[in-house]
Amino acid sequence: MEYIPNILFAAILVLGIGYFTRNIKKLIRNIKLGKAVDASDHKGERWRNMARIALGQSKMVKRPIAGIMHIVVYIGFIIINIEVLEIIIDGIFGTHRIGLSVLPESVYGFLIGSFEILAVLVLAAVVVFWLRRNVIKLKRFLSAEMKGWPKNDGNIILYFEVVLMCLFLVMNATDTTFQNLGHGNVISQFIAPWFGDNPDTLHTIERTAWWLHIVGILIFLNYLYFSKHLHILLAFPNTYFGSVEPKGKFNNLEAVTNEVKLMMDPNADPFAAAPEGAEDEEPAKFGASDVMDLNQIQLLNAYTCTECGRCTSACPANLTGKKLSPRKIMMDTRDRLEEVGKNIDANGGEFKDDGKQLLGDYITHEELWACTTCNACVEECPVSINPLSIILDMRRYLVMEQSAAPMELNNMMTNIENNGAPWPYNQMDRLNWANEE
């Protein structure tokens, strides 16, 4: 009977980690639906970006109040959960505060005391975040795409953090062994009197808080997959694989580049035999109309989006009342990708055409053409997401596959084709204005 709690703990741990692993495999599979990208270049710069942006939170502090509070929550939540290692060891082997057996009391007390201070700081920051969302109601949290689940998701994660931090403090406050040490109870010593001095009652509360704390952490871990807070894990690979090219650089399509080279090479043989099997290949698709046409980094971007709205609040198109919201572009891409993933799960690992696509069913033409390509969204994103690359690929599809550019652009491109310039008169007349008196 004495081993039942250990067995139960091990079972809960295996189930929690197993379900999380299953969902992460789905996530990786969904990302791999996109086109492969060679990101083996500039490794040093990529590692520096990850250390500076994801680990160092360098872009968060551009908005100091939110940035500093986010760093407090980030550091506090990560460091405090180092204690999870102790909880796991205690749960599996039936020990109690194994850290006291391997560390000097003063060192152990210093660590737990630091964790308690961080827990209070996290609670304070979370309260401010909640007020900003629900009382002050900052404009960037009130956009149309932030209704329903996105809004609830932001609050749920705050409630999670409050509960986990409180359980951590209650667990320490009711642990008589820990309180009697006289080390590390810098906060919990003030909470301890709330629970009385009955040993049995204290033991029951401490054990309940201990179990709820570890189960809560496992629930939180598995909640991440369904939440915007997946960025806690994905910010690191996303900043590593983020673009190291100059902002605004437009990539060339290989198929188009080959055609241009063929046209410009006077010695090229346009009737040269194609590679064996080439006639059976499906023609290359220009641009993107659905998530499978995007590349893997763009799909990783979609899963990493924090829905913070910094991109949208900096977007000049959005600020002038146009329909475009870079945040919505990323949220729509993730929603469509999840829909495709569920389709694959329901059809034995194969995607069955559902008559829907990202372009039209999720993202409208109006949103795409509202973009000024200024890169403000890319510059503002705290985790190196690039909404502009998705917008440009979908525009490319509209222009090259559907000839669906706005009239103004079609006129300009026709003029360039006919006159070699965007203006509607031929080259011979181009300088006539200079002769006018």
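Described below are features of the structure shown in this document. (Residues numbered from 1 in each chain as written. Predicted model: local features only at pLDDT ≥ 70, side-chain atom pairs only at ≥ 80, totals over all residues. Heavy atoms only, no water.)

## Section: the overall build of the protein chain
Part 1 of the reasoning: Within the protein chain, the secondary structure is distributed over 22 helices and 0 strands.
Part 2 of the reasoning: By the compact-globule yardstick of 22 Å for 437 residues, the protein chain is too spread out, its C-alpha radius of gyration being 28 Å.
Part 3 of the reasoning: Overall, the C-alpha framework of the protein chain stretches about 95 × 60 × 40 Å when taken along its three principal axes.
Part 4 of the reasoning: On the protein chain, roughly 24000 Å² of surface is accessible, and the fraction owed to carbon and sulfur atoms is 63%. (Helix = DSSP H or I, 4+ residues; strand = E, 2+ residues; numbered from the N terminus. Rg over C-alpha atoms; globule rule 2.2 N^0.38 Å. Areas by Shrake-Rupley, 256 points an atom, 1.4 Å probe, with all protein chains shown as cover.)

## Here's the deal with the state of the cysteines
Part 1 of the reasoning: Inspection of every chain in the model, using the stated rule, returns 0 disulfides.
Part 2 of the reasoning: Unpaired in this structure, Cys308 has its nearest cysteine sulfur neighbour in Cys311, at a distance of 6.2 Å.
Part 3 of the reasoning: Cys308 gets classed as buried once you look at its relative accessible area, which sits at 19%.
Part 4 of the reasoning: With no disulfide partner, Cys381 has as its closest neighbouring cysteine sulfur the one in Cys308, 6.3 Å distant. (Disulfide = S-S within 2.5 Å. Buried < 20%, exposed > 50% of the residue type's maximum accessible area, 1.4 Å probe, protein only.)

## Comments concerning the packing of aromatic side chains
Part 1 of the reasoning: On inspection of all chains with the given rule, the structure shows 9 aromatic pairs.
Part 2 of the reasoning: A centroid spacing of 5.1 Å and a plane angle of 65° characterise the contact between Trp47 and Tyr240, whose relative ring orientation is edge-to-face. With Trp47 in helix α2 (residues 43-55) and Tyr240 in helix α11 (residues 231-241), this residue pair connects regions lying 193 residues apart in the sequence.
Part 3 of the reasoning: For Arg207, the ring lying beneath its charged end belongs to Trp210, and the centroid distance is 4.6 Å. (Phe/Tyr/Trp six-rings, centres within 6.5 Å; stacked < 30°, edge-to-face > 60°. Lys NZ or Arg CZ within 6 Å of the ring centre and 35° of its normal.)

## What to know about the side chain of Ser325
Part 1 of the reasoning: The residue Ser325 is located in the loop between α15 (316-319) and α16 (326-346) in this model.
Part 2 of the reasoning: Not counting residues within four places of it along the chain, the set of residues in contact with Ser325 comprises Glu145, Thr312 and Asn318. (Contact = heavy atoms within 4.5 Å.)

## Brief notes about the side chain of Arg97
Part 1 of the reasoning: Relative to the elements of secondary structure, Arg97 occurs in the loop between α4 (83-93) and α5 (99-102).
Part 2 of the reasoning: Among the polar contacts made by the side chain of Arg97, one reaches the side chain of Tyr108 at a distance of 2.8 Å.
Part 3 of the reasoning: Residues in contact with Arg97, not counting those within four places in the same chain, are Glu83, Glu86, Asp90, Tyr108, Met171, Asn172, Asp175 and Phe178. (Polar contact = N/O pair within 3.5 Å; in protein donor to acceptor, adjacent residues only side chain to side chain.)

## Observations concerning a nonpolar patch on the surface
Part 1 of the reasoning: Judged by side-chain polarity, Val127, Trp130, Leu131, Val135, Ile136 and Tyr159 come together as a nonpolar surface patch covering roughly 550 Å² of accessible area.
Part 2 of the reasoning: In terms of residue count, the dominant contributor to the nonpolar patch is helix α6 (residues 105-134) (3 residues).
Part 3 of the reasoning: With respect to the helices and strands, Ile136 occurs in the loop between α6 and α7 (149-173). (Patch = residues over 30% accessible without salt bridge, like charges linked within 9 Å, V, L, I, M, F, W, Y side chains within 5 Å. Salt bridge = Lys/Arg side-chain N within 4 Å of Asp/Glu carboxyl O.)

## Some words on the packing of α7 against helix α10 (residues 199-223)
Part 1 of the reasoning: The N-to-C vectors of α7 and α10 enclose an angle of 150°; their axes lie 9 Å apart at closest approach. Considered as vectors, α7 and α10 are oriented roughly antiparallel to each other. In the crossing of α7 with α10, the sense of the turn from one axis to the other is left-handed. Two secondary-structure elements touch here, α7 through Trp149, Asp153, Ile156, Ile157, Phe160, Leu164, Leu167, Phe168, Val170 and Met171 and α10 through Ile205, Glu206, Ala209, Trp210, Leu212, His213, Gly216, Ile217, Ile219, Phe220 and Tyr223.
Part 2 of the reasoning: Along the lines of polarity and charge, the residues of the contact of α7 with α10 split into 17 nonpolar, 2 polar and 2 charged. (Axes fitted to C-alpha atoms, helices over the stretch in contact; angles between N-to-C directions. Parallel < 35°, antiparallel > 145°, perpendicular 65-115°, else oblique. Left-handed = near helix turned anticlockwise from the far one by under 90°. Nonpolar A, V, L, I, M, F, W, Y, C, P; charged D, E, K, R; others polar.)

## Some words on the packing of helix α13 (residues 296-304) against α16
Part 1 of the reasoning: One can describe the packing of α13 onto α16 by two numbers: an axis separation of 8 Å at closest approach and a directional angle of 105°. In terms of their interaxial angle, α13 and α16 are classed as roughly perpendicular. Contacts from Gln298, Leu299, Asn301, Ala302 and Tyr303 in α13 reach Met330, Thr333, Arg334, Leu337 and Glu338 in α16.
Part 2 of the reasoning: Its residues placed into classes, the contact of α13 with α16 shows 5 nonpolar, 3 polar and 2 charged.

## Examining the layout of surface pockets
Part 1 of the reasoning: Considered as a void within the structure, the second largest pocket measures approximately 700 Å³ in volume.
Part 2 of the reasoning: Listing elements by their share of the lining of the second largest pocket, those giving two or more residues are α2, α3 (64-80), α6, α7 and α11.
Part 3 of the reasoning: Per-element tally for the lining of the second largest pocket: the top contributor is α3, with 6 residues.
Part 4 of the reasoning: Looking at the lining of the second largest pocket, its residues break down into 18 nonpolar, 6 polar and 6 charged. (1 Å grid on protein atoms, 1.4 Å probe; cavity = no way out; pocket = protein on both sides within 12 Å on 5 of 7 lines; lining within 4 Å. Points joined across faces, edges and corners; volume = space filled by probe spheres on them.)

## A few points about unusual backbone geometry
Part 1 of the reasoning: Unusually for a residue other than glycine, Gln57 sits at a positive phi of about 55°.
Part 2 of the reasoning: Among the secondary structure elements, Gln57 is positioned in the loop between α2 and α3.
Part 3 of the reasoning: In this structure, Asn375 is a non-glycine residue whose phi angle is positive, near 70°.

## Focus on α10
Part 1 of the reasoning: Helix length check: α10 (25 residues) gives 35 Å between terminal C-alpha atoms against 36 Å at 1.5 Å per residue, within 8%.
Part 2 of the reasoning: Within the sequence span of α10, burial applies to Leu202, Glu206, Ala209, Trp210, His213, Ile214, Gly216, Ile217, Leu218, Phe220, Asn222 and Tyr223.
Part 3 of the reasoning: In this fold, the buried residues of α10 make contact with α1 (4-31), α3, α4, α7, α8 (176-181) and α11.
Part 4 of the reasoning: Measuring from the backbone nitrogen of Asp200 back to the side-chain oxygen at the start of α10 gives 3.0 Å, which picks out Asn198 as the cap. (Expected span 1.5 Å × (residues − 1).)

## Observations regarding the pattern of salt bridges
Once their charged atoms are close, side chains differing in charge can pair, the charge on each being opposite to the other.
Part 1 of the reasoning: Under the definition given, this model contains 19 salt bridges.
Part 2 of the reasoning: A salt bridge links Glu245 to Lys249; the nearest nitrogen and oxygen atoms lie 3.3 Å apart.
Part 3 of the reasoning: For Lys249, a relative accessible area of 56% puts it in the exposed group.
Part 4 of the reasoning: The shortest N-O distance in the salt bridge between Asp332 and Lys328 comes to 2.5 Å. Of this pair, Asp332 and Lys328 both sit in helix α16, separated by 4 residues, roughly a single helical turn. Taken as a pair, Asp332 and Lys328 share a single burial class, namely buried.
Part 5 of the reasoning: The network of salt bridges with shared partners includes Asp290, Arg336, Glu339, Asp354 and Lys356.

## A word on the nonpolar core
Part 1 of the reasoning: Counting residues in hydrophobic clusters, the biggest one holds 85 residues, and the most contacted among them are Met165, Tyr303 and Leu324.
Part 2 of the reasoning: Here Leu324 is in contact with Cys315, Ala317, Asn318, Ile329, Glu367, Ala370, Cys371 and Ile391, once residues within four sequence places are set aside. (Core = buried A, V, L, I, M, F, W, Y, C linked by side-chain atoms within 4.5 Å.)

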